[in-house]
Structure formats: C-alpha cells, structure tokens
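The lines below spell out each chain.
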Amino acid sequence: MAAAAARTRDRDPAPALWSPARPRPLPRPRSRARQTPPRPVPGDSCGPSCGDARRPQAASPSGPTVEMPSSVTALGQARSSGPGMAPSACCCSPAAVQRRLPILAWLPSYSLQWLKMDFVAGLSVGLTAIPQALAYAEVAGLPPQYGLYSAFMGCFVYFFLGTSRDVTLGPTAIMSLLVSFYTFHEPAYAVLLAFLSGCIQLAMGLLRLGFLLDFISYPVIKGFTSAAAVTIGFGQIKNLLGLQNIPRPFFLQVYHTFLRIAETSVGDAVLGLVCMLLLLVLKLMRDHVPPVHPEMPPGVRLSRGLVWAATTARNALVVSFAALVAYSFEVTGYQPFILTGETAEGLPPVRIPPFSVTTANGTISFTKMVQDMGAGLAVVPLMGLLESIAVAKAFASQNNYRIDANQELLAIGLTNMLGSLVSSYPVTGSFGRTAVNAQSGVCTPAGGLVTGVLVLLSLDYLTSLFYYIPKSALAAVIIMAVAPLFDTKIFRTLWRVKRLDLLPLCVTFLLCFWEVQYGILAGALVSLLMLLHSAARPETKVSEGPVLVLQPASGLSFPAAEALREEILSRALEVSPPRCLVLECTHVCSIDYTVVLGLGELLQDFQKQGVALAFVGLQVPVLRVLLSADLKGFQYFSTLEEAEKHLRQEPGTQPYNIREDSILDQKVALLKA
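Residues numbered from 1 in each chain as written. Predicted model: local features only at pLDDT ≥ 70, side-chain atom pairs only at ≥ 80, totals over all residues. Heavy atoms only, no water.

Caption draft 1: Here's a closer look at a nonpolar patch on the surface. Taken together, the side chains of Phe211, Leu212, Phe215, Leu521, Leu525, Leu528, Leu529, Leu531 and Leu532 present a nonpolar region at the surface, about 870 Å² in accessible area. Of note, leucine 529 is situated in helix α26 (residues 516–536). (Patch = residues over 30% accessible without salt bridge, like charges linked within 9 Å, V, L, I, M, F, W, Y side chains within 5 Å. Areas by Shrake-Rupley, 256 points an atom, 1.4 Å probe, with all protein chains shown as cover. Salt bridge = Lys/Arg side-chain N within 4 Å of Asp/Glu carboxyl O. Helix = DSSP H or I, 4+ residues; strand = E, 2+ residues; numbered from the N terminus.)

Caption draft 2: Quick peek at the environment of glycine 413. Looking at where glycine 413 falls in the secondary structure, it is placed in helix α20 (residues 405–419). Sequence separation between glycine 413 and glycine 205 is 208 residues, and the spatial gap between their C-alpha atoms is 8.0 Å. Once you skip the residues sitting within four places of it in the chain, glycine 413 turns out to touch Gly198, Gln201 and Leu202. (Contact = heavy atoms within 4.5 Å.)

Caption draft 3: Quick peek at the pairing of strand β10 (residues 613–616). Where burial is concerned, the two faces of β10 agree: the one with Leu613 and Phe615 and the one with Ala614 and Val616 are both buried. Relative to β10, strand β9 (residues 581–584) runs parallel, the two being bridged by 4 bridges. If you follow leucine 583 over to β10, its bridge partner there is phenylalanine 615. Following the backbone out of β9, through helix α28 (residues 593–609) and into the adjacent parallel β10, one traces a crossover that is right-handed. As defined by bridge partners, β10 adjoins strand β11 (residues 636–637) across 2 bridges and the pair is classed as parallel. Counterpart to phenylalanine 615 in the pairing with β11 is tyrosine 636. Taken together, β10, helix α29 (residues 620–628) and β11 constitute a β-α-β crossover, and its handedness is right-handed. (Buried < 20%, exposed > 50% of the residue type's maximum accessible area, 1.4 Å probe, protein only. Pairing = 2+ DSSP bridges. Right-handed = clockwise from strand over helix to strand, strands pointing away.)

Caption draft 4: Layout of the packing of helix α15 (residues 266–288) against helix α23 (residues 471–482). Running from amino to carboxyl end, α15 crosses α23 at an angle of 40°, the nearest separation of the two axes being 8 Å. The angle between α15 and α23 falls in the class oblique. The chirality of how α15 crosses α23 is right-handed. On the side of α15, the interface is formed by Asp268, Leu271, Gly272, Cys275, Met276, Leu279 and Leu280, while α23 contributes Ser472, Ala473, Ala476, Val477, Ile479 and Met480. Here the residues of the contact of α15 with α23 sort into 10 nonpolar, 2 polar and 1 charged. (Axes fitted to C-alpha atoms, helices over the stretch in contact; angles between N-to-C directions. Parallel < 35°, antiparallel > 145°, perpendicular 65-115°, else oblique. Left-handed = near helix turned anticlockwise from the far one by under 90°. Nonpolar A, V, L, I, M, F, W, Y, C, P; charged D, E, K, R; others polar.)

Caption draft 5: Molecular detail of the pattern of salt bridges. Within the structure shown, the criterion is met by 9 salt bridges. Arginine 565 serves as the salt-bridge partner of aspartate 605, at 3.1 Å between the closest nitrogen and oxygen. Taken together, the residues span a long stretch of sequence, with aspartate 605 in helix α28 and arginine 565 in helix α27 (residues 561–573) at a distance of 40 residues. Given the relative accessible area of 19%, aspartate 605 is considered buried. Looking at arginine 565, the relative accessible area reads 19%, which means it is buried. Between glutamate 567 and arginine 571 there is a salt bridge whose closest N-O contact spans 2.8 Å.

Caption draft 6: Structural context of the side chain of threonine 128. Within the element layout of this structure, threonine 128 appears in helix α7 (residues 112–140). A distance of 3.1 Å separates a polar side-chain atom of threonine 128 from the backbone oxygen of serine 124. For threonine 128, the contacting residues outside a window of four places in its chain are Thr312, Asn315, Arg433 and Val436. (Polar contact = N/O pair within 3.5 Å; in protein donor to acceptor, adjacent residues only side chain to side chain.)

Caption draft 7: Summary view of α27. Between its terminal C-alpha atoms α27 stretches 17 Å, which fits the 18 Å expected from 13 residues at 1.5 Å a residue. Among the residues of α27, Ala561, Ala563, Leu564, Arg565, Ile568, Leu569, Ala572 and Leu573 are the ones counted as buried. Summarising the contacts, the buried residues of α27 are in contact with α26, β8 (548–552), β9 and α28. (Expected span 1.5 Å × (residues − 1).)

Caption draft 8: Looking closely at the packing of aromatic side chains. Throughout the structure, instances matching the rule amount to 23 aromatic pairs. Here the aromatic rings of tyrosine 327 and tyrosine 468 are separated by 5.0 Å at their centres, their planes lie at 85°, and the arrangement is edge-to-face. Taken together, the residues tyrosine 327 in helix α17 (residues 314–332) and tyrosine 468 in the loop between α22 (447–461) and α23 connect sequence positions 141 residues apart. Of the residues examined, tyrosine 468 reaches a relative accessible area of 22% and is grouped as partly exposed. Following the ring pairs from residue to residue traces out a cluster consisting of Phe234, Phe250, Phe251, Phe258, Phe486, Phe491, Phe509 and Phe513. (Phe/Tyr/Trp six-rings, centres within 6.5 Å; stacked < 30°, edge-to-face > 60°.)

Caption draft 9: Looking closely at α29. The complete set of buried residues in α29 reads Val620, Val622, Leu623, Leu626 and Leu627. Summarising the axial view, the buried residues of α29 lie within an arc of 160°, below the 170-degree limit, and thus occupy one face. Positive phi shows up at aspartate 630, right after α29, with a value of about 50°. (Arc of directions from axis to C-beta.)

Caption draft 10: Quick look at unusual backbone geometry. Along the chain, serine 576 connects to proline 577 via a cis peptide bond; the corresponding omega equals -5°. Mapped onto the elements of the fold, proline 577 is located in the loop between α27 and β9. One non-glycine residue with positive phi stands out, namely histidine 185, at about 65°. Positive phi outside glycine occurs at aspartate 630, with the angle close to 50°. Relative to the elements of secondary structure, aspartate 630 occurs in the loop between α29 and β11.

Caption draft 11: Looking closely at the packing of helix α11 (residues 187–206) against helix α19 (residues 376–398). For the pair α11 and α19, the least separation of the axes is 9 Å and the interaxial angle reads 60°. The angle between α11 and α19 places the two elements in the oblique class. Considering the relative orientation of α11 and α19, their crossing is right-handed. Across the interface between the two elements, Leu193, Leu196, Ser197, Ile200, Gln201 and Met204 of α11 pack against Gly376, Leu377, Val380, Pro381, Leu382, Gly384 and Leu385 of α19. Considering only residue class, the contact of α11 with α19 consists of 9 nonpolar, 4 polar and no charged.

Caption draft 12: Looking closely at the sheet that holds strand β7 (residues 540–543). Strand order in this open sheet of 5 strands is β7-β8-β9-β10-β11, and the pairing throughout is mixed. In this open sheet, the two strands that pair with only one neighbour each are β7 and β11. In the packing of α28 onto the sheet, contacts are made with β9 and β10, and the angle to β10 comes to roughly 135°. Running at roughly 165° to β9, helix α30 (residues 640–647) makes contact with β8, β9, β10 and β11 of the sheet.

Such coordinate-based values are descriptive only and should not be taken to indicate function.
Okay, structure coming up:
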C-alpha cells in the first residue's frame, strides 16, 4: 500500500508544480542599470541621459549615494496589489497607502528635468483637448461649454490616483456618442449619468471586479468601436456641409443627409474640407518628422522642434485658423459659415448633481430619470472602464511599465463622481490625447496638471472667442479623430486567423447602428455562446490500435459529460466486439461531480460488456476527486504503455488501485502532497 502511494507521487508531476510546503522563491531586486530613464522632450538637446544626470540623489546613511527610482519604476511599484504582496499587509500600512495613492511613489524623486518634460507634454495635450472638448460636446448633443467642463477634473484626480504616466482622462468620441444616446441631449441627465457611472465604477474598483471586463472579447470591442466611428463620423457630415435640422437617429440621419444634399452650404463645405486636408497634412508631417539628436546644429534642432510643436497642436492651429477666417468675414458684414455661437463664460459652479429636473410639464423625479437612462447605467460605466483600461494597458506595454487595473477603476470612478459636481458628463481615457502625451515625452501624471489648468484658463478667459469657431471646423476635427477607430485590417486578420470570430464582430457592428446596448449585448452573448460550446463539446483526439486511446483536448466540466459519454460509447461499446479503452487525461486539470457520475456509469457499462476502462495522466486534483468518489472498477496508470500492457493482459503490470485497502493510503498521500 505504501509502495502504491509512493508510486502515485513519483509518477505524477503535479506536486512539483503545486506544493504548499515548498516556499516560493523571492524575486530578485531589479538592477539600477536596467531601469528605464525618462524620455527626452522632442527638440531637447540634452539627450536621454540628461534626466539621469540631473536626477536628485538620496544620501545613504552608510556613505554612498543611492539613485532615486525613475518614474516608470516608481509607478510600477505603486501598481502591484496582486499575488506578490504579503498576505499580512495591513490596509493602513505604508505599502497599502502607496498603492491607493500612487503619487507617493514618484513624487519624492521628482526632478526639475521631469517638470520641464511634463510641462511641455501637458501644454501639448491641453492644446489638443480644448478644441476636441468643444467638438465632442456637439457629438453628445450638449452646449459647447459642457465639453470643457468635462475636460479638467480627470487631470487633477489622475495626478493623485493614476498608475500610468501617459493616460489622460476626459471626453472622448465614444463616450460622447453614448451620452447622446442615453441623456436625450439634456445636460441634467448627462451630469447625473456621470455621477451614477462614477459610483458604479468606484464600487467595481473597491470590490476588485475588473475581471468582468474580460468577458467582452476583442472582436466585440472592435465591432463597437468601428460602428461608433461610422456613426460619429457620418453624424458630422451635416455640420461639414452646413445642413440644419437633420434628425439624430443614424438611419434617419443618412436618409435626410442624402435627401437634402442640394442644400449644402458652399462656405461650410469648402472650409470643412480645407480643415480636414490641413489636419491630414499636419498628421503626416508629425509621423515623418525625424527625431532630434544632440549632435544636430542648433538651427536644425530649432526648426524641427517648431515643426513638432505645430504638428502636435494641429487641432488648435486649424480651429484657430478657421475662427480667424470666420471673424474676418464677420467684420465685413457677411458670414458664410454656421458658427458655434454663444458659450457660457466663466468656471462651472460647484453643486451636487441634479437628482430631479423641473420642466414646463412638471418635475421629473430621480426614479424617473434613472428609468429613462435605462441600459445606459450599465453600458456607459462598462464601456468607460473598458476604453480607459485598454488605453492604459496599451501604453504601459509600449513604454515598459505596468499598471494596476483596479486602481484605474478607482481613478476613473472618482473622476466621474467629482466631475459631476462641476457639470461634467461621463469621461474616460482618451487614446488620441494619451498618444500626444506619450509622444511629448511625459514622465509622470503631473503633466495632467498643466492640461487641467489650461482648460480652466480657457473657460475663464477665452469663451467669448469660441463664438467664432465654425461648426464645420469642429466637424473636421471630430472626423479626423475618429477615422483611426474604424479598423479595416481586423476583418482581414480574423478571416485569416479564425473566421468564426467574425461572427461576434459583425453582429456587434451591425446592431450598434440600431441601438448601442443591443449591439454590445448581442456580441457579448455570441462570444459567450462560442465559449460555452467549446466547453460543452471539447475536441478529442482518438488513437486506434490494439487498445483504443481517447484524449480530451481540454478540461472536462458538466456540459461536456454527456458528449464525452456518447463519444466513448460509440467508439468502444457500440462496436462488435466491444473494445477496451484508455482515457488519457493529461489536459484535464479539474472535474466536477456531474463528470464523476458520468464516469461511474461508464465504468459500470464497461464491466457489463466484459471490457475495461483505464485512466492515464491524471493530475493530482483530478485523482483526488476520483479516489474520493470510490468508483467501482476505477483503475489508473502512470503511463500509456503500462495501461496498454495491462489491458492486453500482459504479466507484470497492475493498476495502482488493484487492492481496495490501498485507496485510503493513496488518499492520505495525495492530501499530504
């Protein structure tokens, strides 16, 4: 009996992979030489090593100085709250506080060089954020000032709570589209939606429910973003052509736009196309500007730095150019463009979100407002989290640092909650502005402070100038911003890699033109059904020979029990004569009680037919469950060769549970393992 138990431990590699008694090795400390230095500002002659040269040094009591960690390392240290953390860590310990306030990780080592780089990056993002905020308010169906109200709170909150140095929070095209669907173009609904979305997102972060986003597959995300790009882009055609009184539902919008194409305003169309062309040229210049090197002549560095600045702030330049053209016509007394019009001046008042709305027909209660928003209370927070975390992970991977997804949930949730106090609508991470932030050489989330201050200054001093911005120019900014969201390559890629994944993508893409929530829900359900089908009908590999060998290609769970039973019966017992069978379970890591019952019935069927069913490659958890079930006739072997020899009745080979009294010892040995 002891020998059988020992053989069980010797033949199964599972205890070597999972052993509570064996301590996990501690991670090696990372070498200081391998840390990623701060990125240089484009146009800076200092070079990559300048930040290291100017970085403050912390004096060690023992003598030599120790280099402070870079922003990348500091943010990465603040991120982790996973398995690597000690289980006994208190929620009020310094490490736990640093995880909740990542600013404490990088602020002590903040340097003058980082300040310079963060200032340039924040300025670049701010010049992009202001015109985009005005444009996205149009997408959301709200007055233009609400775009600016939504553009600054995330900058300040993320400064304290963010774990990515690159991410910028604010209004985006997709969130603006969702807001227009669920708030009926009413600012009170939009602000309340921001508050409730923030509460939901904050609760998900505190409960560590970020894993729920994993159930939305990549094809579903791509289908939604591609449909959103088409919806948003086509929705701006009316502004680009100067058409008015076009209904907002997508299909009606398409119909009426083509029906009234003859009413196109020549001035708006020409200005809009010129703005689109300028934005495209400046973007191509930005993509092809060679990097600046310290050995270049000062004149070359200066010229390339100016080109970089102009192309990075292309949205602000083009909108300013269009406003100047419109103002010039206004002075002459003739205005060929449709202008943005009056924008509320000054900073937004700080007040609680509207929990009721008074209209000419009476007061709409909080309950009625929630019912009116309906599915938006689930779609908006989930898509906001999905977009923000996807952006953060993409740039963290690109720039070699890590983020804490649950901490990102807290940051975005608190941003929306506090933003609702200043009349913000729901915001999330912006891919376009985050790209500008990263390309500008940002070192820490402090760059967001500059962006936030710039937006506040524009609200306080520049709102009177926004009157002259033509809507066709803002439409050009939106169209050029959402064009990259439509990924034509994904269709070709999925056709080549796995064509079945085109099904959830196409379902999501098509239904999103009807209702966004239906498209996302239908795509997620199709993906889930595909996942359940693979679990319920796992592939099996069958080897014919003297003994029939059947190997499930994946785990076994209760939906697969009946399919496995039918496969075994059809191949081993419903043939003449009945055949012995070996079930090779190398890929089976867990089973449930339904599968155990099915295997017990199979063992009885095999015994009635006078043939044997043997098991090979059982992992420790699976073997423990099967032994605990005390299945009659259960026998297992360490190798396939031993099983085949035994089933061919060759001497010298016996199953490991040949005697009933050995089962207890085997159970004890497995529990010790």
